[in-house]
Amino acid sequence: MNRILYGCAYYDEYMPEERLEKDMEMIRAAGMNVIRIAESTWATEEPQEGVFDFSHVTRTIEAAARHQISVIVGTPTYAIPPWLAARHPEVIAVTEQGKGKYGPRQNMDITDPHYLFYAERIIRKLLEAVRPYQNVIGFQLDNETKHYHVAGERVQQRFFTYLREKFGTVEAMNQAFGFAYWSNRVDSWDHLPDVTGTINGSYLAAFEAFRRQLVTDFLLWQRKIVDEYRRPDQFVTHNFDFAWHGFSYGVQPDVDHPRAAEALTIAGCDIYHPTQDDLTGKEIAFCGNLTRCLKRDNYLVLETEAQGFPEWTPYDGQLRLQAFSHLSSGADGVMYWHWHSLHNGCETYWKGLLSHDLKENRLYREARTIGRDLERIGEKLLHLHKRNRAAILVSNQALTAMGPWPLFGFPGNRRDYNDVVRAYADALFELNVEYDVIFPETADFSAYDLLIVPALYSASDELLQKLRQYAENGGVLLGAVKCGFTDEHVKVRHVEQPAFLHDCFGITYQEFTVPRKTALHADPDDFTEAKGLDEENSIHTWMELLQAGEADVLAHYVHPSWGKYAAVTQNRFGKGTAIYSGCLMHETWTKALCLHALKEAKIKAEDSDLYPVVVKCGVNQQGRMIRFYLNYSEKVQNVPYRYPDGEELLTDKQIRRQDVIALPPWGVRIIEAGQ
Amino acid sequence: MNRILYGCAYYDEYMPEERLEKDMEMIRAAGMNVIRIAESTWATEEPQEGVFDFSHVTRTIEAAARHQISVIVGTPTYAIPPWLAARHPEVIAVTEQGKGKYGPRQNMDITDPHYLFYAERIIRKLLEAVRPYQNVIGFQLDNETKHYHVAGERVQQRFFTYLREKFGTVEAMNQAFGFAYWSNRVDSWDHLPDVTGTINGSYLAAFEAFRRQLVTDFLLWQRKIVDEYRRPDQFVTHNFDFAWHGFSYGVQPDVDHPRAAEALTIAGCDIYHPTQDDLTGKEIAFCGNLTRCLKRDNYLVLETEAQGFPEWTPYDGQLRLQAFSHLSSGADGVMYWHWHSLHNGCETYWKGLLSHDLKENRLYREARTIGRDLERIGEKLLHLHKRNRAAILVSNQALTAMGPWPLFGFPGNRRDYNDVVRAYADALFELNVEYDVIFPETADFSAYDLLIVPALYSASDELLQKLRQYAENGGVLLGAVKCGFTDEHVKVRHVEQPAFLHDCFGITYQEFTVPRKTALHADPDDFTEAKGLDEENSIHTWMELLQAGEADVLAHYVHPSWGKYAAVTQNRFGKGTAIYSGCLMHETWTKALCLHALKEAKIKAEDSDLYPVVVKCGVNQQGRMIRFYLNYSEKVQNVPYRYPDGEELLTDKQIRRQDVIALPPWGVRIIEAGQ
Amino acid sequence: MNRILYGCAYYDEYMPEERLEKDMEMIRAAGMNVIRIAESTWATEEPQEGVFDFSHVTRTIEAAARHQISVIVGTPTYAIPPWLAARHPEVIAVTEQGKGKYGPRQNMDITDPHYLFYAERIIRKLLEAVRPYQNVIGFQLDNETKHYHVAGERVQQRFFTYLREKFGTVEAMNQAFGFAYWSNRVDSWDHLPDVTGTINGSYLAAFEAFRRQLVTDFLLWQRKIVDEYRRPDQFVTHNFDFAWHGFSYGVQPDVDHPRAAEALTIAGCDIYHPTQDDLTGKEIAFCGNLTRCLKRDNYLVLETEAQGFPEWTPYDGQLRLQAFSHLSSGADGVMYWHWHSLHNGCETYWKGLLSHDLKENRLYREARTIGRDLERIGEKLLHLHKRNRAAILVSNQALTAMGPWPLFGFPGNRRDYNDVVRAYADALFELNVEYDVIFPETADFSAYDLLIVPALYSASDELLQKLRQYAENGGVLLGAVKCGFTDEHVKVRHVEQPAFLHDCFGITYQEFTVPRKTALHADPDDFTEAKGLDEENSIHTWMELLQAGEADVLAHYVHPSWGKYAAVTQNRFGKGTAIYSGCLMHETWTKALCLHALKEAKIKAEDSDLYPVVVKCGVNQQGRMIRFYLNYSEKVQNVPYRYPDGEELLTDKQIRRQDVIALPPWGVRIIEAGQ
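Residues numbered from 1 in each chain as written. Chains lettered and ligands numbered in written order. Predicted model: local features only at pLDDT ≥ 70, side-chain atom pairs only at ≥ 80, totals over all residues. Heavy atoms only, no water.

1. Considering the packing of aromatic side chains
Residue and element names in this part refer to chain B. Overall, the coordinates contain 133 aromatic pairs over all chains when judged by the stated rule. Centre to centre, the rings of Trp83 and Tyr118 are 5.6 Å apart; their planes meet at 75°, and the pair counts as edge-to-face. Taken together, the positions of Trp83 in helix 4 (residues 82–87) and Tyr118 in helix 5 (residues 113–130) put the pair 35 residues apart, joining distant regions of the chain. Tyr118 shares its class with Trp83; the two are buried. Ring plane angle 45° and centroid distance 6.0 Å describe the contact between Phe429 and Tyr632, whose orientation is recorded as tilted. With a gap of 203 residues between them, Phe429 in helix 14 (residues 417–430) and Tyr632 in the loop between strand 25 (625–631) and strand 26 (637–640) connect regions that are remote in the sequence. The same class applies to Phe429 as to Tyr632, namely buried. (Phe/Tyr/Trp six-rings, centres within 6.5 Å; stacked < 30°, edge-to-face > 60°. Helix = DSSP H or I, 4+ residues; strand = E, 2+ residues; numbered from the N terminus. Buried < 20%, exposed > 50% of the residue type's maximum accessible area, 1.4 Å probe, protein only.)

2. Some points on the sheet that holds strand 29 (residues 653–655) of chain A
Residues and elements named next belong to chain A. On the basis of which strands lie adjacent, the open sheet formed by five strands has the order 25-26-31-28-29 and antiparallel pairing. Two strands in the sheet have a free side with no partner beyond their single neighbour: strand 25 (613–619) and strand 29. Shown here is a sheet whose adjacent strand axes are inclined to one another by a mean of 25°, direction ignored. Looking at chain direction, strand 25 and strand 26 (residues 625–631) are connected through seven bridges and run antiparallel. (Pairing = 2+ DSSP bridges. Axes fitted to C-alpha atoms, helices over the stretch in contact; angles between N-to-C directions.)

3. A short note on the pairing of strand 11 (residues 299–305) of chain B
All names here are of chain B. Burial of strand 11 is extensive: seven of the seven residues sit out of reach of the surface. Where strand 10 (residues 267–271) lies against strand 11, five bridges are found, and the strand directions are parallel. Its bridge partner being in strand 11, Gly268 is matched across the sheet by Leu300. Of the crossover connections in this fold, the one passing from strand 10 over helix 10 (residues 282–294) to the parallel strand 11 is right-handed. With five bridges connecting them, strand 11 and strand 12 (residues 331–337) associate as parallel partners. Within strand 12, the residue paired with Leu300 across the bridge is Gly333. Handedness of the crossover is the feature at issue here: the chain leaves strand 11, passes through helix 11 (residues 318–328), returns alongside strand 12, and the resulting connection is right-handed. (Right-handed = clockwise from strand over helix to strand, strands pointing away.)

4. Focus: the domain arrangement of chain A
Along its sequence, chain A is organised into domain 1 (390–600) and domain 2 (613–673). Here domain 1 of chain A and domain 2 of chain A have C-alpha centroids that lie 34 Å from each other. (Domains from an automatic or database assignment.)

5. Remarks on the interface of chain A and chain B
Counting from both sides, the interface comprises 55 residues of chain A and, opposite them, 52 residues of chain B. Between chain A and chain B, the buried area comes to about 4,300 Å², and carbon and sulfur atoms account for 52% of it. Of all residues in chain A, the largest losses of buried area upon contact with chain B belong to A:Asn344, A:Cys346 and A:Tyr349, amounting jointly to 16% of the total for that side. The interface formed by chain A and chain B contains four salt bridges. Across the salt bridge formed by B:Arg516 and A:Asp278, the nearest N and O atoms sit 3.0 Å from each other. Scanning the region where chain A abuts chain B turns up 30 residue pairs in polar contact (both at pLDDT 80 or more). (Contact = heavy atoms within 4.5 Å. Buried area = accessible area lost by both parts, 1.4 Å probe. Salt bridge = Lys/Arg side-chain N within 4 Å of Asp/Glu carboxyl O. Polar contact = N/O pair within 3.5 Å; in protein donor to acceptor, adjacent residues only side chain to side chain.)

6. Here we look at the relation of the copies chain A and chain B
Note on the chain copies: they are related by a rotation about an axis and a translation along it. Rotating chain A by 120° about the axis while translating it 0.1 Å along that axis superimposes it on chain B, leaving an RMSD of 0.0 Å. In symmetry terms, the pair is related by a three-fold rotation axis. When each C-alpha of chain A is compared by its distance to the rotation axis, A:Gly98 comes out closest, at 7.3 Å. (Least-squares fit on C-alpha atoms with pLDDT ≥ 70 in both.)

7. Section: the packing of helix 11 of chain B against helix 12 (residues 362–381) of chain B
Residues and elements named next belong to chain B. Look at helix 11 against helix 12: their axes get within 9 Å of each other, and the N-to-C directions meet at 30°. When the interaxial angle is binned, helix 11 and helix 12 end up roughly parallel. Helix 12 is crossed by helix 11, and the crossing has right-handed handedness. Residues Gln318, Leu319, Arg320, Ala323, Phe324 and Leu327 of helix 11 form the contact with helix 12, whose own contacting residues are Leu363, Glu366, Ala367, Thr369, Ile370, Asp373, Leu374 and Leu381. Tallied by class, residues from the contact of helix 11 with helix 12 come to nine nonpolar, two polar and three charged. (Parallel < 35°, antiparallel > 145°, perpendicular 65-115°, else oblique. Left-handed = near helix turned anticlockwise from the far one by under 90°. Nonpolar A, V, L, I, M, F, W, Y, C, P; charged D, E, K, R; others polar.)

8. Observations regarding the sheet that holds strand 28 (residues 653–655) of chain B
Residues and elements named next belong to chain B. Read across the sheet, five strands follow the order 24-25-30-27-28 without closing on themselves; strand pairing throughout is antiparallel. Whereas interior strands pair on both sides, the edge strands pair on one side only; in this sheet they are strand 24 (613–619) and strand 28. Averaged over all neighbouring strand pairs, the angle between strand axes comes to 25°, with direction disregarded. Sheet analysis places strand 27 (residues 646–648) next to strand 28, joined by three bridges and oriented antiparallel. Across the sheet, Gly646 pairs through a bridge with Ile655, a residue of strand 28.

9. Considerations on the interface of chain A and chain C
With 51 residues of chain A at the contact, the number on the chain C side is 55 residues. Both sides of the chain A and chain C interface together cover about 4,300 Å² of buried area, and 52% of this is carbon and sulfur. Viewed at the interface, chain C and chain A are joined by four salt bridges. A salt bridge links C:Asp316 to A:Lys564; its shortest N-O distance comes to 2.5 Å.

10. Focus: the pattern of salt bridges
Overall, the coordinates contain 138 salt bridges over all chains when judged by the stated rule. In this structure, the salt-bridge partner of B:Asp609 is B:Arg642, at a minimum N-O distance of 2.9 Å. On the criterion of sequence distance, the pair formed by B:Asp609 in the loop between helix 17 (587–600) and strand 24 and B:Arg642 in the loop between strand 26 and strand 27 is long-range, its members being 33 residues apart. A salt bridge links B:Arg624 to B:Glu672, with the shortest nitrogen-to-oxygen separation between them at 3.5 Å. Residue B:Arg624 is located in the loop between strand 24 and strand 25, and its partner B:Glu672 is located in strand 30 (residues 668–673); the two are separated by 48 residues in the primary sequence. On the basis of relative accessibility, which here comes to 32%, the residue B:Arg624 falls in the partly exposed class. Where salt bridges share partners, they join A:Glu46, A:Glu49, A:Arg87 and A:Arg121 into one cluster.

Written out as structure tokens, the structure is:
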């Protein structure tokens, strides 16, 4: 690809009237250059079993070609036709909630042989149908694939086989899972109980890991099929999505993104987020950083909202700000879901770029400004390269291990693993320090000067060892609550906590509790940024009663009984530094701690005072530094430009170091300069 | 009927001791003249399959006759005997939640052949048993019949046949329902999926319409049987109920009231409402107005609470106020559910007129004052005729279409269609302007000078055309949010909104959102009543971004981004006026808008300043105007009498225009005068 | 037993490493003298069907013996092995929620013949295995046995037989249950409907009573087996638990404690309660008092938390305070659940005395101080005898009868029977007046000078008669809301309320409602303690509109409509006094009313002013009075000592009447003196 892909999902199949030519004209006129088609339209492509009709697909590709629009073709397998469910009811997944019903997408058993048979056939037929078209630039495998909580008997039998291969003997499994508890000890592989009834978190975590593997296997299987048909210049991608908290929020529990990404030539994802007064750019940054790190390369935002939910109707300027925010994270493409608003079905009120009247509207006109800007300056924004020195380590193993029973074991808590991750990610974001998101699988941690490890609740000895060595070799390691608390089987480690790392952090703890009326106090000399921090509500949800051994105490608890314990500590370990926070802190404190850690890591945070203006940057193919100034606020913002002289690309003006950049509400400026 | 029916439901079957003669004496002594019996007592009437025992029924009728009490006999089919469920388990309905269990009432499949067989037999036997009695004045078909969410396979097969007859081809249905979305496109009538799993609102809305038809069919079937037995002087009625929000609230989603009313000779209903500090008269007015309009005639309140729920125990005077409130809406009868409080079962704490001790109590004594007043003046209150010039158009098609997925698509919203309807109905109520409630089926809208159309989300072209013509021909049309947004199949119309009406209203809109920190501002010259309205919290839940074309702007939004859009508009269209509100407003604004619309329609609202005193009126058979002054407050209220000289019926005093009427707390006065 | 049992539950089976000898050393070093083992470890003891392995059990007993530690052996039947569920799926109970799944404990059908067969065999094998050991001092039958909501067809058939035996004819049952309502009348024992669908509270209450009997039968059956093996010096106990409101709260609905206790030689229970700022001692007192009264003797606290939930991590001193609080209620033993914190399973965050690192920690060190104190002074605290003059009558029949439908029939109410019981129990607790908890079965009420009867919603004529006679013969009877409202079949009595007692209380009422904006006003002359009580929020949830006949009015309602009704009354009846409260009052009022009733009963409440210091006492075997001063607060408390001169046992100091006792935060002092 030699240009930014800007476009939208397009469904000729869903149109209430003949619109194709008109739509292609409008799309092109908006400066868009790509559409994504075909995913989820199986029933139109194969209206009856064995009867194929790709006319909607081919006529769309042809119309696109007439308007110089490229096409990404999605395999249609994530929603099945009624005839398939009627003919093979077993295709509908049995989940923890029982047998599903036909109707929704993503309700099939992706391991069911009938499903796989028909899925393979439709994929092959589709790929044959689109093979002739030069403007098909790539393929998307399925869509937002997950395991859909499949938990039927056949799948559980496969899971039992997986366990057998993993453990060899039931006794090894009994031991690893602590099955003696409540008489769950198993005497034979034939007596493994239905995992959906279990009270054993290890058993459940193993099932989650097994099910994530099903997703990887499925995508690899589709990739293999696609490879039989695609040209070398055609890419293969997938639309990964994220933990959903009403919007794209955090690490996906149901897919091993780094492993599943092996099925792709370029990573892709969808990112949906609040807008209006709640547009912060944090989801765009977190999810984008994670996706970029999957293949350590640029990526595609295959879906993001245009209008989205009624409560997300963007303010003037927000659509622009969002598009450039994606690009500033290293995206090479931004595509809306979807072109038009649906007239039927459960996403009628999840609106596209056009409203239901299919006419030009305010948002279309704003998109057109983006398209035109990209035609002009897009080349300079393409293939941006990031050089981040800070990283956050995330683990969906830790996430699901914390899931089944409340780690933060008290009634009413709604926070989870991702909230801890996001607390640190968002603190860096507000400090204007860009970060990578890395994984237990990531080969080399030493590329980073600062490694933040939030709530790594379940981890193997090897991974903990790697963290230890990272610090020993000179890295700044910042751990937050529960790191290493359980092993890879979610068995609590019966050693001093933080397990494997207590000497690295220079602390130990035996107790933890839920803070009530507990504040933090920091010694200004140790933790200078903490001056003036409000002590009220300074921690929440969880506190470990840290006993500082070797470590210095950066902050301690303020409480009649817990005042003798440390809350945040720092230790010199080998050539490096190991910082640990035993509690969840108010965001002001989290920010202060991150700033402190950055200083220890000698990472400059020049623009840490600019939020809600956010600065993100990357080096383009011409070796020039591209800096985005993004105003996530409804107010005009005037901020200093602190870098080498350059040029503002959108307004085509020169800018000098120490000039003031004036950003309109929800505005964006892009400066090209030397590095 | 030549008298107001005043009475109660009576269940000899439920009595813990022999009480019949004692009860009839007490009922008669309270001035009551009617009891309603037999509904829900099937198991007592047919204790074993084929063994009949109507002794409770006949002895009650005979005892009533001895005390000059009339009897309404209900068919007992809304609760089935245990032996029927044991013998034919298929009688219990399968619903969206699965197979029901025996125990509750209203859990049967009203289309099940076994149910219908036994139901017909018990109805016939009962009608034979009561045929000899002259004091049986009428029959009630079943009770609060609904479809009970029947969704079993047999019923779905009938639904599929219904669709086939409606659409002819699957392709027509695919198109109408937009089944292409998410691969739901159907290739054959045999592959229609279980409707309970669908994500397609059109499919679901069609199922709701189909199920409402089942109710109509069932009542017509019962009517036909009853007609074989009844005397010409015996009426046939039914106890319609309303959407339940903890009390009778709004339009019933599960029954087509206007169609089902064809099975009756006189409309009937139950109205339950909060009391104590929450007694407002609004439910009595709304539900009464709706019921009166079903056959455009007087109606019976077959059930209303005496004591009701524990939290509804009435204050002194409220029982009287309630009774006269019903009569003021055009009711020809008021009956309590029920005479005594139940000693067993799940309505033990839904108390009747007598408490569990079956002795005279405070409420009985208050009921006795009502009975005595009605004996004296009831003749003047009978068959009151209303001449309302304002009407509200309601549609349970629109109601259920908005149901399955949140129209007001955001988390936490609990408001629905009925809240929009009630906002306008209650505004008129507080302005002391009486209204009719009309339906899409209503033949002629032109009888009204003002027609309010709230949230008519799903409507056919014909209906929208009728509304357009109404305005064109000189009516004042007041539309509120979402009118015409989808067609009769709940497909969003792909034209300018408000669909079919945008030139009528002189506006269009392409976007909508959820208001946050958004106020309204009205120009005093255009919308004079809005002066001094508080701008805080002035809208909620929903706002359309109206672009006024021809229309005048009555109010616009106050918001940094949405300030350029209109909120309320008015347009001259043909000979009439079309007003549109694109948002849900605080009740003060809704009232101001209604007052403005009334002025446009030249409807006087003389007593718009009197609330919480409410004035309702009608012309009696003697051609005299009867005006009720109802004090819905705990304070003494002194209000001006603004009409021709007349006589206060309860106190037997003369009253002259401009006299002050003094109303005690929760008090009532009834003035007879010339028109 | 000739010593206080102090110890913990111990599971060699769950240990992640070889720890036995080390643990026994640590246990003994902490002054502990008992462990409780084997319950819930069936799958370890019988790893395959018919293959037995008691090595964990015997090696633990032997290790304990080496350290002079006694052992209580629990039968392992409350959690079944996977092979049993696999072989006999019918063992897993069908409940109101349907068929259970293998995984949790306590999910079996305790009446299932397969379960009973295998349970008997494992019990016998275990008892044989432990027979040789002298340090086994007693047995625990099963654990926290309940009926687990078993409601499958076989159990319902047994229930139907139970009904048939109880009523003889269906007509008698129809009458007793009021089955005529909603056509539920039954014509044959064969047509009794599935009780899980019923809307009849009488039918449901009968089922609850039947299911409670299953628990009694089960424990008696185990007792009989154990008796075949045990030595005369070995006791038999059971771990009763309580209604769970997130902690041990009130009367257990699912077990008839007094009846089930017949299977035991000594009563036992578990008591779990909040700590930190919420540690009040109220649960320890209520549950302890109840357990003590089961056999009218000392009892064992077989389980209580060490660390418990994360939010319960005790403050310094609380573990000590808790232990002595148990002993002060008459416990002869206190055992923690459990020794170590679990490394797997759903109670990983329900921590034991040791943390997961299995090392000495803060709590262990505090437990050691308790152990050492008990070694020194335990003999003086053993077999304390209580002489309480006040009692509270509780009934799980009343509790479950109020359950199925809201007695306090309004939306949003979450209070239940136990909240009424606890309101009075906690008032006495705060007044420093100890009380017994008695039952309908309790033979003689006349032992008490004050009998409090909260919400006795369902009661037989005989029980009400007994209460009447209690007052008539000179007792002070204090009734609170709903007493006698329904009979033993939960049929509301159709007589004047309070049924059978209205002349005893000198009042009657016909109406009740939910208070809103309703205060209380007391006449200082009648109810002197009420002076200065805040009238705001003084009642909640429920109010009966009392009409005082003979009775004096102690307090009346303050409300425009309800002001004419009495709220609290007092009547001279025979030689006694009958006080009645018709409403639920703010705790300040409840305390005032209790103090008034104590005065009437001539029960001194010398220390009614000391709370949060609580004084509890008993006479030890040497005939000496032992008084515990328990400081349930984080502040130092200085309180007067008002009793004969004595000796403080923990500090070994003399104390004289009127001396001041200084209690540290969460501190305890124990004074031995003459009576």
